[in-house]
Amino acid sequence: MSLPAIHSSKDLVRLFFTYRRPAVYAGVGVLLGVILLLALFPPRYTSDARLLVKPGRENVALPVELMGRAVVTAPGGVRDYLLDEEAFLTSEALVAPLARELADRLTAASPPEGVWEHIKAVLKGTVRWTVEQARAVLEALRLLDPVPLEESVEQRLRKYFEVSHEAGSSVLELRFTWKDPAVAQMVLDAWVRHYLERRAQLMDTPEVHAFYRQRLADSEARLRELEARLGELRQRIGALDVDQAARELNERITTLEGARDELRARLAGIEAQLAEAKTRLAETPKEVVTRRETGLNPSVEDIRRRLLEARLERERLLRTFRPDAEPVKLLERSIREMEAWLEKEPERIARKETLAPNKLAEALSLSVQELTLSQARLRAELAQKEAQIHELAQRRDRLLAMEAERAEVSRRLATEKESYRAYAAALQQARLDEALDRERISNVVVMQAASYNPARSFPKTLPVLAATPFLALAAMLLTVWLAALLDRKARSGELVQRQADVPLLADIPLPQPGVEPEVIGKAYYDLWSALELYDPPPEGKVVGLVSWLPGDDVAQIVEGLARLCEASRVPVRKTRNPEALPAPGEVVLVELPPLKGLPADRLVDWHQLDEVVLVVQAERTPLPVVRHALHVLRRACGNAVKGVVLNGRRLVIPPRLYRWLSS
């Protein structure tokens, strides 16, 4: 699907005249539809009313009793309380009794006035009776549920009733539309009356007074309990200043903690000294040598003697054996071992020692005993300080805990007093509300009662009539666009060339009034020139013309090309045999049989053709068929397919308009 290219106003006018019949039908249909709408559709009349909802003791249509209706809530962006009023105006609790009251008056039909009104009434009655009978059948088959009269009236009331308000405004705008202005005014007036009465009934809630009275009694009981608890805490704490007592305790604790830290430091120093003394005492001997006698070591003398003997033995063996003999090596190893022992043994040894107690060890032992006693004493003092600090901290914590409890009780007492005052004020307001409810006093004021407006609100005759030509024109243009988009016929050469992707050799118009013979002759000349029949090759040229369907005037095109060849003195021959061979310099025009229904074996002989032209009948051959025919020709003739010729294109624009657009 593709639209013809539009390059100028002439193309746009041609497109319109091509599909003018469906466009005219669409325009006439729009006109008839508007006329029927104005003639048959019942007029609607609207009645308006305005209600002012002042922020006050009633902020919602169905108040939550636990909220306290004395609180004033101004309209804001977070919560719009008028939405509750709108919901209440269209709720079941309000519309159902209104439908029961107005059912008979709304269903009663007024007698028609005039012949046309009588005809419309008969038509409407017939349609209504038909719908009722069809609904009865569906209800009998249990495909639809039966709808009572009151429910049907309620649905109609909801359908034609509107309520709205501007953002930030406290005015509710009510509107009811009906076919009779007096009935519309009556229904809207009854709607407002039911709304005010029902709203006052809902606000008449004696449970609020009992609720606040009970809450006030409970608050009094809690106040007495908290005051008793606060007095008990004050007696336990005493009349002294809690902050001053806490500061004194903190100072004493700080002093004791300083003394404790000093004791810990002294104890750590004593423990370090004690550890060092014990270490030195363990390393110090208990006794010391006071007198010692020394002499030569007998072992050294013995080793020296034996070493001398071994050396003499070695000298004796060397007279008999070589230095690397085994006995010599063993004796040399013994000599080296005795020399090593001689180096390790002391030269002199103590022969007699006199021992006495070590005075340094005795002093260290005495110091350890003194340090141990000091350590025990300091530990006892440190434990005493810790106990005193712990006792004072407990006293301080108990004092602070009682003070915190007293502060919490005081805070709860202050909060309870505020609640008591709020409950008392709410109880007083509830009593006032109860009195206002008994008198049916509300914060809703009727700014404008239901109006009587005899001017119809729908349909607006003059605006509809003024817009009808534009609607008809839009419908006609839309119809033209859809028809052109869905049309698959070959109506223009440009569209055929774009869809078939082959050259358009000629666009031959249909002979009709307004088409001059020169235009048709020029089209034949364009085809004759595109095929280059004015200068055939020396061996001759065979040109075949074929169409998809019979009756596409292929013979007429062959005849026209033959006349042009004869006028140019070019040898030409017309035939229907695709196997015809041309004479030197001769043009053979072959009228090929239509492709539709042609056996495949007949296409074998077409490969001998030099050029093949597909003739497309305008407004008859579909574009997909053109593409299919070209595909068949390319398979049969290869590159011999020269292009297409659009034949019989009809001039859709009137001659005078065409000449005016061309001027």
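Residues numbered from 1 in each chain as written. Predicted model: local features only at pLDDT ≥ 70, side-chain atom pairs only at ≥ 80, totals over all residues. Heavy atoms only, no water.

Across its full length, the protein carries 18 helices and 13 strands. Burial analysis of the protein (663 residues in total) assigns 34% to the buried set. When contacts within the protein are restricted to residue pairs at least 6 apart in sequence, those whose partners lie at least 24 apart make up 82%. About 40,200 Å² of surface is accessible on the protein, with carbon and sulfur atoms providing 56% of the total. (Helix = DSSP H or I, 4+ residues; strand = E, 2+ residues; numbered from the N terminus. Buried < 20%, exposed > 50% of the residue type's maximum accessible area, 1.4 Å probe, protein only. Contact = heavy atoms within 4.5 Å. Areas by Shrake-Rupley, 256 points an atom, 1.4 Å probe, with all protein chains shown as cover.)

Turning next to the sheet that holds strand S13 (residues 641-649). What the 6 strands build is an open sheet, ordered S8-S13-S12-S9-S11-S10; its pairing is parallel. Each edge of the sheet is formed by a strand with only one pairing partner; in this case those strands are strand S8 (504-509) and strand S10 (572-575). Averaged over all pairs of adjacent strands, the angle between their axes in this sheet comes to 20 degrees, without regard to strand direction. Pairing geometry for S10 and strand S11 (residues 587-591), over 4 bridges, is parallel. Each bridged residue has a counterpart across the sheet, and for Val-572 the counterpart in S11 is Val-587. (Pairing = 2+ DSSP bridges. Axes fitted to C-alpha atoms, helices over the stretch in contact; angles between N-to-C directions.)

Rolled over the atoms, a probe as big as a water molecule pinpoints where empty space is left. A complete count under the given rule lists 1 cavity of 30 Å³ or more for this structure. Every residue lining the largest cavity is listed: Trp-548, Leu-614, Val-615, Val-616, Thr-621, Val-625, Val-626 and Ala-629. For the lining of the largest cavity, the secondary structure elements donating two or more residues are strand S12 (611-617) and helix H17 (623-637). (1 Å grid on protein atoms, 1.4 Å probe; cavity = no way out; pocket = protein on both sides within 12 Å on 5 of 7 lines; lining within 4 Å. Points joined across faces, edges and corners; volume = space filled by probe spheres on them.)

The subject of this paragraph is the environment of Tyr-45. Relative to the assigned elements, Tyr-45 resides in strand S1 (residues 44-53). Measuring from C-alpha to C-alpha, the distance between Tyr-45 and Ala-455 comes to 6.6 Å, with 410 residues separating the pair along the chain. Apart from residues no more than four positions distant in its own chain, Tyr-45 is found in contact with Phe-176, Thr-177, Trp-178, Lys-179, Asp-180, Pro-181, Ala-184, Asn-453, Pro-454, Ala-455, Arg-456 and Ser-457.

Glancing now at a nonpolar patch on the surface. On the surface, Val-24, Tyr-25, Val-28, Leu-32 and Ile-35 cluster together into a nonpolar patch covering about 480 Å² of accessible area. Considering the arrangement of structural elements, one finds Tyr-25 in helix H2 (residues 20-40). (Patch = residues over 30% accessible without salt bridge, like charges linked within 9 Å, V, L, I, M, F, W, Y side chains within 5 Å. Salt bridge = Lys/Arg side-chain N within 4 Å of Asp/Glu carboxyl O.)

Mapped onto the secondary structure, Thr-90 falls in the loop between helix H3 (82-89) and helix H4 (92-107). Once the C-alpha coordinates of Thr-90 and Glu-162 are considered, the two residues, 72 residues apart in sequence, prove to be 8.8 Å apart. Beyond its immediate sequence surroundings of up to four residues, Thr-90 is in contact with Val-95, Arg-158, Phe-161 and Val-163. In this structure the side chain of Thr-90 is engaged in a polar contact, spanning 3.2 Å, whose partner is the backbone oxygen of Glu-86. (Polar contact = N/O pair within 3.5 Å; in protein donor to acceptor, adjacent residues only side chain to side chain.)

Applying the stated rule across the entire model yields 23 salt bridges. Between Glu-559 and Lys-574 there is a salt bridge, with the nearest N and O atoms lying 2.4 Å from each other. With Glu-559 in helix H16 (residues 554-567) and Lys-574 in strand S10, this residue pair connects regions lying 15 residues apart in the sequence. Each of Arg-260, Asp-261, Arg-264 and Glu-386 takes part in a single network of salt bridges with overlapping partners.

The end-to-end C-alpha distance of H17, which contains 15 residues, comes to 21 Å, matching closely the 21 Å that a straight helix rising 1.5 Å per residue would cover. Along H17, the residues classified as buried are Leu-623, Val-625, Val-626, Ala-629, Leu-630, Val-632, Leu-633, Ala-636 and Cys-637. A positive phi of about 70 degrees marks Gly-638, the residue just after H17. (Expected span 1.5 Å × (residues − 1).)

Next up on the list: H3. Of the positions making up H3, those classed as buried are Leu-82, Glu-85, Glu-86, Phe-88 and Leu-89. Looking down the long axis of H3, one finds its buried residues gathered within 160 degrees of arc, a one-sided arrangement. (Arc of directions from axis to C-beta.)

Now for the packing of aromatic side chains. Under the criterion given, the structure shown has 7 aromatic pairs. Ring centres 5.7 Å apart and planes at 50 degrees place the aromatic pair Phe-88 and Tyr-195 in the tilted group. Highlighted residues: Phe-88 in helix H3 and Tyr-195 in helix H7 (residues 181-203), separated in sequence by 107 residues. Judged on exposure class, the residue Phe-88 and its partner Tyr-195 are both buried. Their ring planes at 85 degrees and their centres at 5.8 Å tell us that Tyr-160 and Trp-178 sit as a pair that is edge-to-face. Pair noted here: Tyr-160 is in helix H6 (residues 149-160) and Trp-178 is in strand S3 (residues 171-178), with a separation of 18 residues, a long-range link. For Tyr-160, a relative accessible area of 18% corresponds to the buried category. For Trp-178, a relative accessible area of 2% corresponds to the buried category. Through pairs of rings, three or more aromatic residues link up here, namely Tyr-160, Phe-161, Phe-176, Trp-178 and Trp-191. (Phe/Tyr/Trp six-rings, centres within 6.5 Å; stacked < 30°, edge-to-face > 60°.)

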